[in-house]
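One letter stands for each residue in the lines below.
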Amino acid sequence: MEWVVSVVVLSICMLLMISSSAAVATNNAQVEAEAEALRNSTWWGWMGNTTTTSHDHCSWDGITCNREGHVVGITFSDYYCQESCMLSQLKFSSFPSLLHINLTVLTYLCGSIPDEIGTLTKLTYLRLSYCADGELPVSLGNLTLLEHLDLSYNGVLSGAIPPSIGNLKNLIHLDLSSNSLSGAIPPSLGNLTNLEYLYLNFNRLNGSIPFEIGNLKNLVELSLSHNSLVGAIPSSLGYLTNLTNVHLIYNQIQGPIPFSFGHLTNLAHLYLCYNQIYGSIPPGIWNLKNLIHLRLDHNNLTGVSPSSLGNLIHLNVLDISRNRIKGHIPLTIGNLNNLTSLDLSDNLIHGKIPSQLQNLKILEKLRLSHNKLSGHIPHLSIYVHQGSSIDFSHNDLEGHIPHELQFVYSPRVFVHNKGLCGEREGLPHCKGHRTILIIVVSLSTTLFLSFVVLGFLLLSRKTKKDQTTTTPTKNGDIFSVWDYDGKIAYEDIIEATEDFDIKYCIGTGGYGSVYKAQLPTGNLVALKKLHGWERNEATYLKSFENEVEMLSKIQHRNIIKLHGFCLHKRCMFLIYKYMERGSLYCVLSNEVEALELDWIKRVNVVKSIVHALCYMHHDSSPPIIHRDISSNNQGRSQDFYLSRAKLYLIIQAFI
């Protein structure tokens, strides 16, 4: 019996050895077949002719092999293609272990996708871009392990989308964009329940959007734009609550926007423009607080823009132009602080332009043309740069155009209105505006002179009474008088600065030194003490008095009021409000503070200076010419920035 057992054991061992040898031989044969298929494709040119061992192909450019030497990845570069290569030259069925194919941005590789690509049943990643033509093979439906399928940017890839694509239930990413695909979107795509990204844009697809698309509960991005789709948007799309991007632009879609879109609370980009959508905008759209871009333009939408529009606080772009929207512009539009582009043009909107638009500090584009807006144009904070634009044309607007708009933009953006006017060449002259201004100035001057005469009489009587009864009380409030060159103000200043001790000096310029002083009343002031030699020139003293008197009459939000001055035999100085945080030059020289002064704040500084200069040049009488603006002549407080012109003029720029 023992010899029988020995024979059986020996037989089993021989069978195992034969099987192992056969497996090795089979594996070697498969590896050699894969290498031969690569050589015969001629894709790698001269490399295929220099191979001496079966595993050398694993070191070729773009070829990845596993431990056994089987090809598992092909990422082809046509650098080695000596002449035009065809997709059909590579025998795809020779690579049963292939997991990854990436053939993209190729110059010499082209041709139709071969049917045998469907034999690569282990494939998980397939990308063929800029290289394929013909039609999509039905055999693609056999690649059931596929997770990423990208056949985009082939241009001439034509025909219908095969329904067999619906078999790829592991698919996460499907991109067939930028081709010439035609026919209807197959309802079988609704079977791809793991799909997160679906791009069918820039094709020639027709028919309606399948209701079954609503089964793609994991869908994050959907792009069907630039096709010829018709019919209504299926309400089932409104229940894909993971959606962040929906692009349906440039189609022929009709019907209303589904009310179910109000459920898309994660939506950031909604593009429905250039269609034939009608009806009112569903109320739920205005509650999608994560929206960044909302484009509903070039449709047939009706209704009004509700106050709930102000809920979209993250919105950057709002475009509802070329519709039939009525009503007023809601006041809550001022809540959209992140808005950079607003287009309400070509509608039936009436009423006044809300002043709340000036809250939109980073607005770059504002288009309100071709409506029925009335009233005047409010002051706006348009962020001016090369790409910025505005348009108020073709309305019923009237009145003076704000300087910050008329001197920056072309007059054509104000044409075809009821009565807009301004000072710039090409705009109607503001005759009525000047007449009203003359009347106001005349009345103001009369009242001012009356008060001056009355005040002089009262002051004369009080002075005579004080001389016979009491002496002046020291430590008077410098802010209660103007142009008072007397003992009270002078002694307060001398005491507060310890006779202009150097420790109170906070800056020195070409015209004098600046001191910080705290008066007995508690008020902080900045004192500009002028150089001593200037007091000896009679012409300078007269010029000093005239200019200070003129500056005392300036009233503008961007120009700080000059509180007073002192002409004394020992010294003369100017009195301003004290700015706590030093000069703008110091801020820009400090790395930390310069970062705090971001570009939005810097633009606001420039705008405010422009407003002040515009006032000085056009609205002041007589006009004031600015002579000295620099960062070294700019002070900073916690609330605003300022700039001094010549000796005394101070401009404040609100941020």
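Worth saying up front: this structure is predicted, and the values here are computed from it rather than measured. (Residues numbered from 1 in each chain as written. Predicted model: local features only at pLDDT ≥ 70, side-chain atom pairs only at ≥ 80, totals over all residues. Heavy atoms only, no water.)

Brief notes about the overall build of the protein chain
Here's step 1: Each helix and strand in the protein chain was counted, giving 8 helices and 35 strands.
Here's step 2: Each of the 655 residues in the protein chain was classed as buried or not, and the buried ones make up 45%.
Here's step 3: Of all intrachain contacts in the protein chain linking residues separated by at least 6 positions in sequence, the fraction that spans at least 24 positions is 49%.
Here's step 4: By element, 56% of the accessible surface of the protein chain is carried by carbon and sulfur atoms, the whole surface being about 32,700 Å². (Helix = DSSP H or I, 4+ residues; strand = E, 2+ residues; numbered from the N terminus. Buried < 20%, exposed > 50% of the residue type's maximum accessible area, 1.4 Å probe, protein only. Contact = heavy atoms within 4.5 Å. Areas by Shrake-Rupley, 256 points an atom, 1.4 Å probe, with all protein chains shown as cover.)

Section: the sheet that holds strand β9 (residues 157–159)
Paired through backbone hydrogen bonds, the strands of a sheet run either parallel or antiparallel to each other.
Here's step 1: Taken in spatial order, the 4 strands line up as β7-β9-β11-β13 in an open sheet, and their pairing is parallel. Whereas interior strands pair on both sides, the edge strands pair on one side only; in this sheet they are β7 (134–135) and β13 (204–206).
Here's step 2: Pairing geometry for β9 and strand β11 (residues 180–184), over 2 bridges, is parallel. Within the sheet, the bridge partner assigned to glycine 159 lies in β11 and is leucine 181. (Pairing = 2+ DSSP bridges.)

Concerning the pattern of salt bridges
Here's step 1: Counting across every chain of the model gives 6 salt bridges.
Here's step 2: For the salt bridge of arginine 295 with aspartate 319, the shortest nitrogen-to-oxygen distance reads 3.9 Å. In this pair, arginine 295 is assigned in strand β19 (residues 293–295) and aspartate 319 in strand β21 (residues 317–319), connecting sequence segments 24 residues apart. (Salt bridge = Lys/Arg side-chain N within 4 Å of Asp/Glu carboxyl O.)

Brief notes about the side chain of histidine 57
Here's step 1: Along the chain, histidine 57 falls in the loop between α1 (2–41) and β1 (63–65).
Here's step 2: Leaving out residues up to four positions away in the same chain, histidine 57 has contacts with Val31, Ala35, Leu38, Ile63, Cys65, Gly69 and Val71.

Quick look at the pairing of strand β31 (residues 524–530)
Here's step 1: Buried residues dominate β31, accounting for 5 of its 7 residues.
Here's step 2: Where strand β30 (residues 512–518) meets β31, 7 bridges bridge the pair, whose relative direction is antiparallel. Residue pairing for β31: serine 513 is matched across the bridge by lysine 529.
Here's step 3: Two elements, β31 and strand β33 (residues 572–577), share 5 bridges in a ladder whose sense is antiparallel.

Description of the packing of aromatic side chains
To describe a pair of aromatic rings, you give the distance between the ring centres and the angle between the ring planes.
Here's step 1: The full count for this structure, using the stated rule, is 4 aromatic pairs.
Here's step 2: For the pair tyrosine 130 and tyrosine 153, a centre-to-centre distance of 5.5 Å together with 10° between the ring planes defines the contact as stacked. Residue tyrosine 130 is located in the loop between β6 (125–128) and β7, and its partner tyrosine 153 is located in the loop between β8 (148–150) and β9; the two are separated by 23 residues in the primary sequence.
Here's step 3: On the basis of relative accessibility, which here comes to 43%, the residue tyrosine 130 falls in the partly exposed class. (Phe/Tyr/Trp six-rings, centres within 6.5 Å; stacked < 30°, edge-to-face > 60°.)

Structural notes on the state of the cysteines
Here's step 1: Under the criterion given, the structure shown has 2 disulfides.
Here's step 2: In this model, cysteine 58 is linked to cysteine 65 through a disulfide, with the two sulfur atoms separated by 2.2 Å. One quick way to see it: the torsion about the S-S bond of cysteine 58 and cysteine 65 is about -95°, and its sign makes the bridge left-handed. (Disulfide = S-S within 2.5 Å.)

Comments concerning the sheet that holds strand β25 (residues 372–375)
Here's step 1: The parallel open sheet is built from 4 strands, whose spatial order is β23-β25-β27-β28. The open sheet has two edge strands, β23 (350–352) and β28 (419–421), and neither has a second partner. Along the sheet, successive strands turn relative to each other by an average axial angle of 30°, direction set aside.
Here's step 2: Here 3 bridges tie β23 to β25, and the two strands are oriented parallel to one another. Bridged to glycine 351 within β25 is leucine 373. (Axes fitted to C-alpha atoms, helices over the stretch in contact; angles between N-to-C directions.)

So, the pairing of β6
Here's step 1: Here 4 bridges tie strand β4 (residues 100–103) to β6, and the two strands are oriented parallel to one another. By the bridge assignment for β6, histidine 100 is matched with tyrosine 125.
Here's step 2: Pairing of β6 with β8 involves 3 bridges; the strand directions are parallel. Its bridge partner being in β8, tyrosine 125 is matched across the sheet by histidine 148.

Thoughts on unusual backbone geometry
Here's step 1: In this model, serine 178 sits at a positive phi of 55°, which is unusual for a non-glycine residue.
Here's step 2: Mapping serine 178 onto the fold places it in the loop between β10 (173–175) and β11.
Here's step 3: Of note in this structure, histidine 298 is not a glycine but carries a positive phi near 55°.
Here's step 4: Note on placement: histidine 298 falls in the loop between β19 and β20 (300–302).

Let's talk about the environment of glycine 134
Here's step 1: The residue glycine 134 is located in strand β7 in this model.
Here's step 2: Sequence-wise, glycine 134 and glycine 159 are 25 residues apart; in three dimensions their C-alpha atoms are separated by 7.7 Å.
Here's step 3: Leave out the neighbours within four places in its chain, and glycine 134 touches Ser112, Val156, Leu157 and Ser158.

Describing the environment of leucine 296
Here's step 1: Residue placement: leucine 296 occurs in the loop between β19 and β20.
Here's step 2: Taking relative accessible area as the criterion, leucine 296 reaches 1% and is therefore assigned buried.
Here's step 3: Not counting chain neighbours up to four residues away, the residues in contact with leucine 296 comprise Ile257, Leu272, Cys273, Ile281, Leu301, Asp319, Ile320 and Asn323.

Focus on the confidence of the model for the protein chain
Here's step 1: With 69% of its residues at a pLDDT of 70 or more, the protein chain has an overall mean of 80.
Here's step 2: Contacts for the low-pLDDT stretch residues 633–655, under 50 throughout, to residues beyond four places or in other chains number 110 contacts. (pLDDT = per-residue confidence, 0-100.)

Quick look at the environment of asparagine 417
Here's step 1: You can see asparagine 417 is positioned in the loop between α2 (403–406) and β28.
Here's step 2: Considering only alpha carbons, one finds asparagine 417 and serine 393, 24 residues apart in sequence, at a separation of 6.4 Å.
Here's step 3: Leaving out residues up to four positions away in the same chain, asparagine 417 has contacts with Phe392, Ser393, His394, Asn395, Asp396 and Leu397.
Here's step 4: Only 3.3 Å separates the side chain of asparagine 417 from the backbone nitrogen of asparagine 395, close enough to count as a polar contact. (Polar contact = N/O pair within 3.5 Å; in protein donor to acceptor, adjacent residues only side chain to side chain.)

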